[in-house]
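# A look at the structure
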Amino acid sequence: MNAAAELVGSCATAKQVVTIGEAIVEIMSDSGEGAQKCGQSFGSIAARMGNGVWTVEIIPAEIQPPARSIAGASGNRIRIGSKRVTNGGDEADLAIAFNEQVLLGRVNAGELKPGCIILLESMWADSADPKIVAQYRETLARLLAEGYRVHEVPMENECRKLVSDPRKGKNMFVLGMLCNLYSLDMDLARDQIAFIFGKKADKIIKSNVALLEAGHAWAEHNLDFGFRVPAVRATEPQLVINGNTAVALGVLASGMDICAMYPITPATSASHYLSDVFERSGGLVHQAEDEIAACAFAIGASYAGKVAVTITSGPGYSLKQEGIGLAVMAEIPLVVVDVQRGGPSTGQPTKSEQSDLLTVMFGSHGDAPKVVMAASTIEDCFHSMITARRIAETFNMVVVVLSDASLATAQQPFPRPEFNEDWLAPPIDQNPVPEGAKPYDWDPVTGLSRRFVPGQPGGMHTLTGLAHDRSSRVAYDPEINEQGMHARSLKLAALQKMLTPPKVFGDEEGDLLVVGWGSTKGAIEESVERMRAEGHKVSSLHLSFLQPMAPGIKEILHRFRQVITIEANWSDLPEDPLIDETNRRYSALAMLLRARYLVDIDCWSEVRGRPIKPGSICAVLRQRLAREEQRS
Amino acid sequence: MSTATACLQHLFAEQRSLEEYQGGVPRWCKGCGDNAILTALQRLCRDEGLRPEKTVFVSGIGCSSRLPHYMRTYGFHGIHGRALPIAEGIKLARPDLHVFVNTGDGDCCSIGAAHWIHAIRYNMNITVLLHDNHIYGLTKKQVSPTSPIGTRSNTTPRGSYLDAMSPLTVTLGIQNASFVAQAVDWIPESLFQIVTAAFRHRGLSFVRILQRCPEFVGSMFEPWVHDPQRMLMLTHENGLKVSPALQKIYRNQIVHDPLDIDRAREIASSEDPIPVGILYHNPAVPCYEDLRRAGMLRTTDSIRSSFEAELDKFTVWP
């Protein structure tokens, strides 16, 4: 009998429930065993109780990877807290694994806290396959030796008492255990089960509720510990969705009519959801034959009607570039969503990165100015779409909205938005064009011109990707070529004048300013809070607009002794023997800020495919502060 | 305030001259077959009474794709190979517009080949005119997918290596093909008749037009131009009708029922004689825009109610 089994056997009575501020839980299974559903449900119940919640999906790249494999781990990380939670946090406090192999991947990646509690399915010890038994024993011994607090749980055996196929439903048993361990309201848990199996028969709901209750009872009787994360029930209705659903709802709420797309991970789920809901209000999702066609289709739809959107990820974005250039040149409004993943090439389709920033800013051949925004929270994914549509239409520009795999699959509650008619696109103008008006009558100050939409009498012209004059006539004239280029560039300046300076998180001045963009916002701000609590003069600045950049940034940069960007893209390591000031490749945002503001900005980045942890950021910031202290 | 009837009468009485459809002065080479296509299309617009503001000519890149500039309608001179998906987006957003696509053998059959296949499958109500001169013109004489084997060009100075692809057999092999025809630039009367039938077809009409390029492959169609017996006129009461005057020249005729797809595929395989007429016409194939736009009006209320219904699914109430 091993130590853990002994522990489980001995803990019959008095359960100690400890109140804690937050907890990070991971649930890992083979693909298809339902760990994700379990994790999402756990997060939703906690959110209903009023906890701050952030959930992160752990997704294998394949649909059915081999069972009991490290690479096949599928699951969820759930961070719950008494206060608002803005990111997935550092290492996990508790992990539940349906087999020891899926857990190993997380252990090896350093995702579990030292001494982390592990609840491990014990059925493998009794496997008929001696190889599996050996693997199980070996891993168990290793985990115990490394100081993890392992509890073996006969999950499948317990479930078999209730259902004939325990592989289906084990996840609800686990959910029951979690509800017990974290003192979650069982009535809310039952509601949650009714909600997720809502479309199915009562019998299924009843059987899952029975499993939930069994898990709860098992943990109550066999585990002598428990936690309570105090929560304050929200007073406002909260929405619990992931970033891709938020993008899709944003498209719906923006009044756009048409989304053209081609399947690509991790963007597609936005289009899946949109396909389901869009048509009920007269919109539609067109799955084109390829990414190029999806972009061209959206351009055609935008040209003749309301602004259209195309949703993609890195490789798809690369393919769309020529079309995007056409939209820039012909000044056709267009919204492009890039849910970034690991690159280059096929890279890491299910993992997160922020490596497309420079591509979307400078991509497409020639000078192709377009607006680039980055969503930094789930809520922001929603509102960015509405803003993007409006900017595209006002400026007749391409607006790229950057999200990434982290935001796409993460969930966080945020206040339910109140529908606003002003979000919607105006009807298409079909009035006659005034006599003498030209399709590209560029305003000398703003570069803006009005758009003629087919159907408008008197507005007939042939739009072209060739250089053209104010009447849209093909022009090889050097003057006219420069005029067009000038006007298209001016529009960015016109937009920039309308932006408000970003707000500094923390004090307005200090020793170190952290600058970020996109999904890292939560982790950066949490690390700033931690550093400030330690007495450091650290603040952060998060940019929503990358192109154009809002006014006032330069002044902010100058109020700090050091500035560093934190990003999930590649930057050369200064300590590498070949790397020095003259050849170091900086992170994307650092490069942009250095070029624009002439400030010696440092960077730190990580391309590990996972969300950057606040703990990692704090370590970097401490090191940078210490280095500066040594210097002075 | 006029009544609906008065409005209709006004529309009916609306007549435009050919000049009202003429845009910029064509910059094609002397003797270019594209001029014949342009004339046929301007005449079509006039005779069908198309409102210029409700008509869009979409094109890709190449000599053929300059055509929209020479029309006085809306035009969209896009990028190489992508005219079809652009046109599809226009049509789906605005089923009320008349959408035409002018594309070349390089634009459609090479760089845009994937879009061509899928456009046939979508079967949207668009009139597609393939200006097929068997050569890249604008980039100065390179071999195209429809160049006959042995074609000498700047990239095949010793003659091209591959057999030509037949846009007709390819199109007729694709599911949902609903209108496939062939015309030649040197028989303007049939060309006009065929593009008219193509325009009137509800669905994607694909018209391959053999078009002469005197600049780069001047002798390509000479044997056929000079020997009317090498032209095969496909006649039918539901297809091409050859006028008495034309009958005297083009005597090589067969009756072909445009509903007979097997026979159409056989005829399409023939390079010599060159068939002219409607190979296939099936008005019963559904249009993608009809399947997708099932009469649902998008209003502020419909958006609001579906938005609120969706939020309800994900809302945690206090």
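Residues numbered from 1 in each chain as written. Chains lettered and ligands numbered in written order. Predicted model: local features only at pLDDT ≥ 70, side-chain atom pairs only at ≥ 80, totals over all residues. Heavy atoms only, no water.

On to the overall build of chain B. The helix and strand tally for chain B stands at twelve helices and twelve strands. Expected size for 318 residues packed as a compact globule is a radius of gyration near 20 Å; at 22 Å, chain B falls within 12% of this value. Dimensions of chain B, computed from the C-alpha atoms along their principal axes, are close to 80 × 50 × 40 Å. A total of 318 residues make up chain B; the buried ones form 54% of that total. Contacts in chain B between residues at least 24 apart in sequence constitute 67% of all its contacts with a sequence separation of at least 6. For chain B, the distance from the average position of its 32 positive side-chain charges to the average position of its 31 negative side-chain charges is 4 Å. (Helix = DSSP H or I, 4+ residues; strand = E, 2+ residues; numbered from the N terminus. Rg over C-alpha atoms; globule rule 2.2 N^0.38 Å. Buried < 20%, exposed > 50% of the residue type's maximum accessible area, 1.4 Å probe, protein only. Contact = heavy atoms within 4.5 Å. Lys, Arg positive; Asp, Glu negative; His and termini not counted. Charge placed at Lys NZ, Arg CZ, Asp CG, Glu CD.)

We now examine the sheet that holds strand S17 (residues 462–464) of chain A. Taken in spatial order, the ten strands make up an open sheet running S17(A)-S2(B)-S1(B)-S3(B)-S4(B)-S8(B)-S7(B)-S11(B)-S9(B)-S10(B), and their pairing is mixed. Every other strand in the sheet has two partners, leaving S17 of chain A together with strand S10 (253–255) of chain B as the edge strands with one partner each. Here the average twist between neighbouring strands, direction ignored, is 20°. By the bridge criterion, three bridges tie strand S9 (residues 231–235) of chain B to S10 of chain B in an arrangement that is parallel. Bridge pairing links methionine 233 of chain B to glutamine 253 of chain B in S10 of chain B. Together, S9, S10 and strand S11 (274–281) of chain B form the strand contacts of helix H10 (residues 261–268) of chain B, whose direction differs from that of S11 of chain B by roughly 155°. (Pairing = 2+ DSSP bridges. Axes fitted to C-alpha atoms, helices over the stretch in contact; angles between N-to-C directions.)

Bringing the nonpolar core into the picture now. Grouped together as the largest cluster of nonpolar side chains are 103 residues, with contacts concentrated most on Leu357 of chain A together with Val58, Phe76 and Ile90 of chain B. With ten residues, helix H11 (residues 291–304) of chain A is the single largest residue contributor to this core. Grouped together as the second largest cluster of nonpolar side chains are 60 residues, Val85, Ala388 and Leu424 of chain A together with Phe307 of chain B included. (Core = buried A, V, L, I, M, F, W, Y, C linked by side-chain atoms within 4.5 Å.)

Attention now moves to a nonpolar patch on the surface. Residue and element names in this part refer to chain A. A contiguous nonpolar surface patch, about 250 Å² in accessible area, is contributed by Trp570, Leu573 and Val607. Structurally, valine 607 is set in the loop between strand S23 (602–605) and helix H20 (614–631). The exposure class of valine 607 is partly exposed, given its relative accessible area of 30%. (Patch = residues over 30% accessible without salt bridge, like charges linked within 9 Å, V, L, I, M, F, W, Y side chains within 5 Å. Areas by Shrake-Rupley, 256 points an atom, 1.4 Å probe, with all protein chains shown as cover. Salt bridge = Lys/Arg side-chain N within 4 Å of Asp/Glu carboxyl O.)

Residue and element names in this part refer to chain A. If you trace the seven strands from one edge of the open sheet to the other, you get S11-S10-S12-S13-S15-S14-S21, paired in mixed fashion. Strands with a single pairing partner mark the edges of an open sheet, and in this sheet they are strand S11 (284–287) and strand S21 (545–547). Each neighbouring strand pair of the sheet contributes to a mean axis angle of 25°, computed without reference to strand direction. In the sheet, strand S10 (residues 258–261) pairs with S11 via four bridges, with the strands oriented parallel. The residue bridging cysteine 259 from the neighbouring strand is valine 285, located in S11. Relative to the sheet, H11 contacts S10, S11, strand S12 (309–312) and strand S13 (334–340), its axis offset from that of S10 by approximately 160°.

So, about the pattern of salt bridges. Residues and elements named next belong to chain A. Summed over the entire model, instances satisfying the criterion amount to 58 salt bridges over all chains. For the salt bridge of aspartate 507 with arginine 532, the shortest nitrogen-to-oxygen distance reads 2.8 Å. With aspartate 507 in the loop between strand S18 (504–505) and strand S19 (510–517) and arginine 532 in helix H17 (residues 521–533), this pair connects stretches of sequence that are 25 residues apart. The salt bridge involving aspartate 511 is made with arginine 561; its shortest N-O contact spans 3.7 Å. Taken together, the residues span a long stretch of sequence, with aspartate 511 in strand S19 and arginine 561 in strand S22 (residues 560–567) at a distance of 50 residues. A relative accessible area of 24% means that aspartate 511 is categorised as partly exposed. Looking at arginine 561, the relative accessible area reads 53%, which means it is exposed. Sharing partners across several salt bridges, the network here consists of Glu26, Arg77, Arg106, Glu111, Arg610 and Lys613.

Let's shift gears to the packing of helix H3 (residues 100–108) of chain A against helix H4 (residues 130–145) of chain A. Residues and elements named next belong to chain A. Packing of H3 against H4 leaves a shortest axis separation of 10 Å and a crossing angle of 35°. The chirality of how H3 crosses H4 is left-handed. On H4, the residues that touch Glu100, Gln101, Leu103, Leu104, Val107 and Asn108 of H3 are Gln135, Tyr136, Thr139, Arg142 and Leu143. (Left-handed = near helix turned anticlockwise from the far one by under 90°.)

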